[in-house]
Amino acid sequence: KNEGSSETSIPKIDRVFRLMGSIFELYRRDCEYISKGIYRYPYDANLRHRQFNPFYVRNKFMNTINEAVATGARRARRGSKEVVRSVMLREAQSLGGVVLVEDPLSDSEDLINDRLLLNDLDMYPDYYLQNFHWQTDGWMSSKSARSYEYTTESLFSGSQDAMQRQALVSLSEFVALNKGIKEEEELWLLEVACGTGRQHTFIKDNWPKMQTVCSDLSPFYLQVAEENMQYFADYTQSVTGRQITMPEMVQAAAEDLPFEDEAFDVVFCTYLFHELPYPVRKEAAREMFRVLAPGGIAIITDSFQRDDFPERNHIAKRFPANYWEPYYMSWFENTDVVKIFHDEGFRMRRHQCAHLSKVLTFDKIDPNTPRIAP
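Draft legend 1. Inspection of the packing of helix 9 (residues 198–206) against helix 10 (residues 219–240) at higher detail. Between helix 9 and helix 10, the shortest axis-to-axis distance is 10 Å and the interhelical angle comes to 30°. The pairing of helix 9 with helix 10 is recorded here as roughly parallel in orientation. For the crossing formed where helix 9 meets helix 10, the hand is right-handed. Only N228, M229 and F232 of helix 10 make contact with helix 9, whose side of the interface consists of H200, T201, K204 and D205.

Now the structure itself:
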């Protein structure tokens, strides 16, 4: 360790207290934004939401425990590429018109569903076919998608939603500044790498009439995202009477978006860039610039980087080994994300740190319109 580094200069117990203080500050800020009307009180805090149903909670808890056991075993054997064999077997079964099961009485119907959703393996880059987080099947099964939210929320000690909600500040500001120019129902938002769609439900809870698209390379996560959105729409209708404009679901890689130029007013992306190889990060930023209309914004939420919080650098160094993030240290140590976006033509608007995350907001300047300042 270097003399004077955060690892040596701050006692361990102080680092723990600072980390806990960071969580308290995150929630203090979250409550402040809610009280000021910047974004709404979380819809899922209502006791009528399914997460307060003990049977639903038990089911999710057992799935999380089972996945934790499988994850631990996979970490011990360093099985970072097991998903490749799994999907190749599934593709072979699909081509042969059969589904092989180990136990017909216990294997779920997801086996058939996953075979049908897989599509052509050629569409998945090599960097993508890994057991990220040591999780079962990586991004490539319904089982993985259904266990993802609870396992990641556990990883962040319950702070994940609050960190992600910080990105709504820039979106709220953008909607307010464009009022009278473009109304909510005229705005188009693309969420790149939407995962299970949880963040998208918070977007739609705040701006239910906004036209939105969810894209993700995993058809299994997109399917769960659609299920989550449907539950959210039905729940919102029953609790508040509000109608939600449902998003379109599109399977796509961030570096190859199947949308026309300048099609969106907002590009939204959460926790993607640290899971991409460095060259692909640049390609993804280029695609985001292409599909964003002049005058639009890109809101990027991701992990903090070196010296955003010097006393937390040690956390980042342990993360990739414990949770198999092969490109994370490249993100943490060597990626100047602001330069990547500047090189593609973006202009920096806001840099906001939030516990173990950061939110970066970029403008795509419209040369024919004076800049709308924050």
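Draft legend 2. The side chain of Q352, seen in detail. Looking at the element boundaries, Q352 is found in strand 6 (residues 347–354). Of the residues examined, Q352 reaches a relative accessible area of 10% and is grouped as buried. Within the structure, Q352 has its side chain in polar contact with the side chain of Y33 (distance 3.4 Å).

Draft legend 3. Structural detail: a nonpolar patch on the surface. On the surface, I13, V16, F17, M20 and F24 cluster together into a nonpolar patch covering about 550 Å² of accessible area. Tracing the sequence through the fold places I13 in helix 2 (residues 12–35).

Draft legend 4. Expanded view of the packing of aromatic side chains. On inspection of all chains with the given rule, the structure shows 23 aromatic pairs. Taking 6.3 Å as the distance between ring centres and 25° as the angle between the ring planes, the aromatic pair formed by F156 and Y271 counts as stacked. Residue F156 is located in the loop between helix 6 (142–155) and helix 7 (160–165), and its partner Y271 is located in the loop between strand 4 (264–270) and helix 11 (278–291); the two are separated by 115 residues in the primary sequence. This pair shows no difference in class: F156 is buried, exactly as Y271 is. Ring-pair connections join several aromatic residues into one group, and the members of that group are F304, F309, F319, Y323, Y328 and F332. Above the face of the F309 ring, R312 is positioned so that its terminal group lies 3.9 Å from the ring centre.

Draft legend 5. Just the pattern of salt bridges, in detail. According to the stated counting rule, one finds 24 salt bridges in the structure shown. When the shortest N-O distance is used, the salt bridge between E82 and R74 registers 3.0 Å. Using a relative accessible area of 28% as the deciding quantity, one classes E82 as partly exposed. Salt-bridge contacts for E82 lead to R77; the nearest nitrogen and oxygen are separated by 2.5 Å. By relative accessible area, R77 is classed as partly exposed at 48%. Here the residues in one salt-bridge network are E25, R28, R29, E32 and K36, joined through shared partners.

Draft legend 6. Spatial organisation of the sheet that holds strand 1 (residues 188–192). On the basis of which strands lie adjacent, the open sheet formed by 7 strands has the order 3-2-1-4-5-7-6 and mixed pairing. Each end of this open sheet is capped by a strand with a single partner; those strands are strand 3 (248–251) and strand 6. Strand-to-strand, the axes of this sheet are offset by a mean angle of 15°, without reference to chain direction. Sitting on the sheet, helix 10 is in contact with strand 2 (211–216) and strand 3, with an inclination near 170° to strand 3. Along the sheet, helix 11 makes contact with strand 1, strand 4 and strand 5 (292–303), crossing strand 5 at roughly 145°.

Draft legend 7. Expanded view of the confidence of the model for the protein chain. The predicted model of the protein chain averages 89 in pLDDT, with 89% of residues at 70 or higher. The low-confidence segment residues 1–6 (pLDDT under 50) makes 9 contacts with residues lying over four places distant or belonging to another chain.

Draft legend 8. Just the environment of Y41, in detail. Structurally, the position occupied by Y41 is in the loop between helix 2 and helix 3 (54–77). On a C-alpha basis, the gap between Y41 and N206 in space is 9.3 Å, while along the polypeptide they are 165 residues apart.

Draft legend 9. Structural detail: the nonpolar core. Grouped together as the largest cluster of nonpolar side chains are 62 residues, with contacts concentrated most on M140, V192, F273, M288 and F341. With 5 residues, helix 11 is the single largest residue contributor to this core. In contact with M288, not counting residues within four places along its chain, are V192, L257, V267, C269, F273, I300, F341 and F346. L171, F174, L189 and W207 belong to the second largest nonpolar core, which has 26 residues in total.

Conventions used here
Residues numbered from 1 in each chain as written. Predicted model: local features only at pLDDT ≥ 70, side-chain atom pairs only at ≥ 80, totals over all residues. Heavy atoms only, no water. Axes fitted to C-alpha atoms, helices over the stretch in contact; angles between N-to-C directions. Helix = DSSP H or I, 4+ residues; strand = E, 2+ residues; numbered from the N terminus. Parallel < 35°, antiparallel > 145°, perpendicular 65-115°, else oblique. Left-handed = near helix turned anticlockwise from the far one by under 90°. Contact = heavy atoms within 4.5 Å. Buried < 20%, exposed > 50% of the residue type's maximum accessible area, 1.4 Å probe, protein only. Polar contact = N/O pair within 3.5 Å; in protein donor to acceptor, adjacent residues only side chain to side chain. Patch = residues over 30% accessible without salt bridge, like charges linked within 9 Å, V, L, I, M, F, W, Y side chains within 5 Å. Areas by Shrake-Rupley, 256 points an atom, 1.4 Å probe, with all protein chains shown as cover. Salt bridge = Lys/Arg side-chain N within 4 Å of Asp/Glu carboxyl O. Phe/Tyr/Trp six-rings, centres within 6.5 Å; stacked < 30°, edge-to-face > 60°. Lys NZ or Arg CZ within 6 Å of the ring centre and 35° of its normal. Pairing = 2+ DSSP bridges. pLDDT = per-residue confidence, 0-100. Core = buried A, V, L, I, M, F, W, Y, C linked by side-chain atoms within 4.5 Å.

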